[in-house]
Amino acid sequence: MIEPLRMSFQVNCPPVHAFEVWTSKISLWWPRDHTVSGRPEVDVILEPRVGGRIFERLGAGAEHDWGEITVWEPPQRIGYLWHLNRDRSDATEVEITFIDNDDATTRVEIEHRGWERLGTRGPQWRDANRAGWGGLLPHFAAACADDGSRVTKSGQAD
């Protein structure tokens, strides 16, 4: 067995908002260099139900599947098979739990497992994903802290 990746961190919002940012607002914070196409006009879509797809859609309509929802328990937990830029048979598993800290903040716990299904490539993919999560999570945390009331230099709501 290859040890799962486990991450735990705090975001400055309640669990309901953190869950919403991860699921229905994912396209707003997901870095374009973490997509299959790398294109600026890509939309990231997470269908909100067990069996729902996680995928990217380009402006011209082309789609690339990334995964499938396996657990849907808003606003506490989501789980999915994850195969971004890989064959579905090589999917790993991601489970994310949103825990209320009772102070308008949320502890987010992520477990990314299933590396052994990749055989000898498992340890290498695990290490690559550790780096990927490191680049991804600051974007999520920043989006959680943004309540949508930012004002631009022109004085208009962002």
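Since the structure is predicted, the reported quantities are computational estimates derived from the model, not experimental observations. (Residues numbered from 1 in each chain as written. Predicted model: local features only at pLDDT ≥ 70, side-chain atom pairs only at ≥ 80, totals over all residues. Heavy atoms only, no water.)

1. Focus: the pairing of strand β4 (residues 63-73)
Then, in step 1: Relative to β4, strand β3 (residues 53-57) runs antiparallel, the two sharing 5 bridges. Pairing of Phe55 across the sheet is with Asp65, part of β4.
Then, in step 2: Pairing of β4 with strand β5 (residues 77-82) involves 6 bridges; the strand directions are antiparallel. Counterpart to Glu73 in the pairing with β5 is Arg77. (Pairing = 2+ DSSP bridges. Helix = DSSP H or I, 4+ residues; strand = E, 2+ residues; numbered from the N terminus.)

2. Remarks on the environment of Thr70
Then, in step 1: Note that Thr70 resides in strand β4.
Then, in step 2: Accessibility expressed as a relative area gives 39% for Thr70, which makes it partly exposed.
Then, in step 3: Separated by 65 residues in sequence, Thr70 and Gly135 have C-alpha atoms that sit 24 Å apart.
Then, in step 4: Thr70 has contacts with Val50, Gly79, Tyr80 and Leu81, leaving out every residue within four places of it along the chain. (Buried < 20%, exposed > 50% of the residue type's maximum accessible area, 1.4 Å probe, protein only. Contact = heavy atoms within 4.5 Å.)

3. With respect to unusual backbone geometry
Then, in step 1: Following Pro74, the chain continues into Pro75 via a peptide bond in cis, with omega recorded as -5 degrees.
Then, in step 2: By secondary structure assignment, the location of Pro75 is in the loop between β4 and β5.
Then, in step 3: Although it is not a glycine, Asn85 sits at a positive phi angle of roughly 65 degrees.
Then, in step 4: As for its placement among the helices and strands, Asn85 is situated in the loop between β5 and β6 (92-100).
Then, in step 5: Positive phi is not limited to glycine here, since Ala104 has a value of about 70 degrees.
Then, in step 6: Its location among the elements puts Ala104 in the loop between β6 and β7 (106-113).

4. Describing the packing of aromatic side chains
Then, in step 1: Going through the model one piece at a time under the given rule, you end up with 12 aromatic pairs.
Then, in step 2: Where Phe9 meets Phe140, the ring centres are 6.3 Å apart and the plane angle is 85 degrees; that geometry is what we call edge-to-face. Linking Phe9 in strand β1 (residues 5-11) with Phe140 in helix α3 (residues 122-145), this pair joins segments that are 131 residues apart in sequence. In this structure, Phe9 and Phe140 share a single accessibility class: buried.
Then, in step 3: With centroids separated by 5.5 Å and ring planes inclined at 50 degrees, the aromatic side chains of Trp29 and Trp30 adopt a geometry described as tilted. Each member of the pair, Trp29 as well as Trp30, is classed as buried.
Then, in step 4: Directly above the aromatic system of Phe55 lies the positively charged group of Arg53, at a separation of 3.8 Å from the ring centroid.
Then, in step 5: The positively charged end of Arg86 is found above the aromatic ring belonging to Trp125, 3.9 Å away from the centroid. (Phe/Tyr/Trp six-rings, centres within 6.5 Å; stacked < 30°, edge-to-face > 60°. Lys NZ or Arg CZ within 6 Å of the ring centre and 35° of its normal.)

5. Details of the environment of Glu68
Then, in step 1: On the secondary structure map, Glu68 appears in strand β4.
Then, in step 2: C-alpha separation for the pair Glu68 and Leu28, spaced 40 residues apart in sequence, amounts to 20 Å.
Then, in step 3: When near neighbours in sequence (up to four residues on either side) are disregarded, Glu68 contacts Gly51, Gly52, Ile54, Gly79, Tyr80, Leu81 and Arg88.
Then, in step 4: Among the polar contacts made by the side chain of Glu68, one reaches the side chain of Arg88 at a distance of 2.4 Å. (Polar contact = N/O pair within 3.5 Å; in protein donor to acceptor, adjacent residues only side chain to side chain.)

6. Structural notes on the pattern of salt bridges
Side chains that differ in charge, positive against negative, can pair when their charged atoms come close.
Then, in step 1: Under the criterion given, the structure shown has 19 salt bridges.
Then, in step 2: Residue Arg57 pairs with Glu63 through a salt bridge whose shortest N-O separation is 2.9 Å.
Then, in step 3: Overlapping salt bridges bring together Glu3, Arg6, Glu73, Arg77, Glu93, Glu95, Glu111, Arg113 and Arg117 as one network. (Salt bridge = Lys/Arg side-chain N within 4 Å of Asp/Glu carboxyl O.)

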